[in-house]
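# Observations on the three-dimensional arrangement
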Amino acid sequence: MSRSATFPAPSLPQPSPARSPRRGPARRRTALAAAAIVAASCLAAPGQALAGAPPGPPGKTPVATGYGGAVSTVDPDASAAAIEVLKRGGNAMDAAVAAAATLGVTEPYVAAIGGGGYMTYYDARKRRVYTVDGREAAPRRMRADSFVDPATGKALPFEEAVTSGLSVGVPGTLAQWENALRRHGTRSLGTLLQPAIRVAEKGFVVDQEFRDQTAVNEARFRDIVPTRQLFLPGGKLPVVGSTFRNPDLARTYRELAKRGTDWFYEGELGREVVRAVQKPPVDPAATRKVRPGLMERRDLDAYKALNPRPTSVSYRGLDVYGMPPSSSGGSTVGEALNILGNFRLDARDPARTLHYYLEASKLAFADRGRYVGDPAQVKVPLEELLSRGFARERACLIQPDRAAAAPVPPGSPDGRYSPCVPPGGATRALAYEGPQTTHLVTADKWGNVVAYNVTLEQFGGSGITVPGRGFILNNELTDFTLQPPAPGSPPDPNLPGPGKRPRSSMAPTIVLQDGRPRMALGSPGGSTIITTVLQILVNRIDLGMRLPDALAAPRATQRNTPQVFAEQAFLDRYGRALAARGHRLELFPGPPAGTIGAATGLEFLAPGLVQAVAEPVRRGGGSAQVVRPRR
Ligand code: GLU
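Anyway, here's the lowdown on the structure attached to this text. (Residues numbered from 1 in each chain as written. Predicted model: local features only at pLDDT ≥ 70, side-chain atom pairs only at ≥ 80, totals over all residues. Heavy atoms only, no water.)

What follows covers the site of the ligand. By nearness alone, 16 residues border the ligand, and Thr437, Glu457, Glu476, Asp479 and Ser504 come closest of all. At a separation of 2.7 Å, an oxygen atom of the ligand approaches a polar side-chain atom of Ser504. Here an oxygen atom of the ligand sits 2.7 Å away from a polar atom, N or O, in the main chain of Gly525. Contact with the protein chains hides 100% of the accessible area of the ligand, taken as 300 Å² for the molecule alone. Classifying every residue of the shell around the ligand by side-chain character gives four nonpolar, seven polar and five charged. (Near = heavy atom within 4 Å. Polar contact = N/O pair within 3.5 Å; in protein donor to acceptor, adjacent residues only side chain to side chain. Areas by Shrake-Rupley, 256 points an atom, 1.4 Å probe, with all protein chains shown as cover. Nonpolar A, V, L, I, M, F, W, Y, C, P; charged D, E, K, R; others polar.)

Take the packing of helix H15 (residues 350–371) against helix H18 (residues 528–542) next. The N-to-C vectors of H15 and H18 enclose an angle of 145°; their axes lie 11 Å apart at closest approach. The handedness of the crossing between H15 and H18 comes out as right-handed. Together, Thr353, Leu354, Tyr357, Ser361, Phe365 and Arg368 of H15 and Ile530, Thr531, Leu534, Gln535, Val538 and Asp542 of H18 make up the contact between the two elements. Taken together, the residues of the contact of H15 with H18 sort by class into six nonpolar, four polar and two charged. (Axes fitted to C-alpha atoms, helices over the stretch in contact; angles between N-to-C directions. Helix = DSSP H or I, 4+ residues; strand = E, 2+ residues; numbered from the N terminus. Left-handed = near helix turned anticlockwise from the far one by under 90°. Contact = heavy atoms within 4.5 Å.)

For the rest of this paragraph, the subject is the pattern of salt bridges. Under the counting rule described, the total for this entry stands at 33 salt bridges. For Glu296, the salt bridge identified is with Arg141, shortest N-O distance 3.2 Å. Taken together, the residues span a long stretch of sequence, with Glu296 in the loop between helix H12 (268–278) and helix H13 (297–302) and Arg141 in the loop between strand E3 (128–134) and strand E4 (148–149) at a distance of 155 residues. Across the pair Asp542 and Arg316 runs a salt bridge, and its minimum N-O distance is 2.5 Å. With Asp542 in helix H18 and Arg316 in the loop between strand E8 (311–315) and strand E9 (318–322), this residue pair connects regions lying 226 residues apart in the sequence. You'll find Asp542 and Arg316 in the same group, each marked buried. A cluster of three or more residues bridged by salt bridges with shared partners is formed by Arg555, Glu567, Glu615 and Arg618. (Salt bridge = Lys/Arg side-chain N within 4 Å of Asp/Glu carboxyl O. Buried < 20%, exposed > 50% of the residue type's maximum accessible area, 1.4 Å probe, protein only.)

Contact pair helix H3 (residues 92–106) / helix H7 (residues 194–202): the axes reach a minimum separation of 8 Å and the direction vectors enclose 15°. Relative to H7, H3 is oriented roughly parallel. Here H3 runs over H7; the crossing is right-handed. Along its contact with H3, which presents Ala101, Thr102, Val105 and Thr106, the element H7 presents Pro195, Ala196, Val199 and Ala200. For the contact of H3 with H7, the residue count by class is six nonpolar, two polar and no charged. (Parallel < 35°, antiparallel > 145°, perpendicular 65-115°, else oblique.)

Let's shift gears to the packing of aromatic side chains. This model, assessed by the stated rule, comprises 13 aromatic pairs. Each ring, one from Tyr109 and one from Phe210, has its centre 5.2 Å from the other, and the planes form 10°; the classification is stacked. Separated by 101 residues along the polypeptide, Tyr109 in the loop between H3 and strand E2 (116–123) and Phe210 in helix H8 (residues 208–223) bring together distant segments of the chain. Where Tyr109 meets Phe231, the ring centres are 5.0 Å apart and the plane angle is 70°; that geometry is what we call edge-to-face. Of this pair, Tyr109 sits in the loop between H3 and E2 while Phe231 is found in helix H9 (residues 225–231), placing the two residues 122 residues apart along the sequence. Exposure remark for Tyr109: the relative accessible area of 0% places this residue in the buried category. (Phe/Tyr/Trp six-rings, centres within 6.5 Å; stacked < 30°, edge-to-face > 60°.)

This is the structure we're talking about:
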């Protein structure tokens, strides 16, 4: 194992004259700059897609570069809502909330006030990173065996757990917005809901992605009356090109704007949520069994958004901030980066670099499975998981030419580290998690930055729409381990419990360089979120790709499973070289099949100059926008 050398440190990319910053201090030369210099020559005219980047679908732009603030989401209406807020003098947090509220309209299967999420926020004035945890919480009546069917003694089949009241956690999104705006925003929630209300009323144009996401849910949507009425208009899948309106949600948002979030956590809207959870509005003719949930009014009353300290690790001269437990995003990305920091990775040998990426991820996932859960209820050795000593002990298990047989056992983050002690603990298998929701980033002209995962857990959440209210409830509690471990097996930090937050993988990430924001990024994708964020960072920092290329590059995910799952283009490009090192590569089964993540990110290319980046192709592409393409 070779210790990493300091990464070469040339100056920041020189933007073309048209975009050249007129003022702003010269920055110290660092690692990212090295990569960015590669980028500089290929930068497109501000506000346009990069030359060579695949064009986005209509109305979607994967890359936008400019000034005054920036946003990247999966959806043009949501990005436009954020830009509108920024143009009117709102800050990055205001813009993030407006974008998320609009996603609740245009991406109702992934983002809604019936769900939750995690945010990281860079405050430019305080020069600090903060978090807002709006993770859904289990009801107080939930127990470790609540998902076990007494008839069989086994956990409910995953598909049955997914479409149930039992899987619905107390929604955290509204409390999160309120907390985030109170601490970091400048506008009222009522104001920020207005763009979303307009879109809900006027409607949006159905695209193939929306139709496809409805189609994968069609059978269960059909069985739940208000969901069928709303999302299968006339009993059919929405037609591509038609206009989809959601007047119920417009009304709900309008009431929220007027009455505030107490209407949800203490008032009538909350009562309706609890009713839908306790007595899911299932068509009596349906054969599907939709189990009722355990949520009560007092659970809503008790819900609080939290503000834990972000995780942070240094990686090649950059400071990478992430989401701490109850998410495993920050700890697992951070641990893997710490492990990688022990190696010199060479941009000229991407297959070797990717081998290290896969191995570091494998080890970090072993530790995630064993040690990370809701810190309010289990002891998470976070500091040790992110310590350099522990990373060194884990790094020494990586062979330069040979993949370790997976699953690998977890290490011992106990503060006593020696080089190369093979771990002896028992391995915990990766639990299945639902596939996809969404991530967005915003930045403003002051340099504040938000990275935000907003989620229902998976496309369509629990499938239960609150009657007459226009939004679906989450199925986030399926992120718990549904089957308690057999006696004698290692403890599981992620069993259901009263008031507990299920372990997440969401990893909204902010990267600082010399204390100033350099990048922000994140992705949906259940546990692949962690590997997607990690791989984008490795692509950007170690392989020297521009951020748009780092996002678009083919992905692979190693979550301590026997196989490495990858996109086809990754298999084509690196399959042979990695197989020669003993990796067992297979096509990522999805869903969506063959596609990992739908990331968003942004990068400060020079003071004030931001490049917003969305997916060019995955999941129908995303929408990157800036306030002004020119200064
Ligand atoms: N329930 C997933 C998690 O918390 C979210 C999945 C997603 O956002 O794509 O990890």
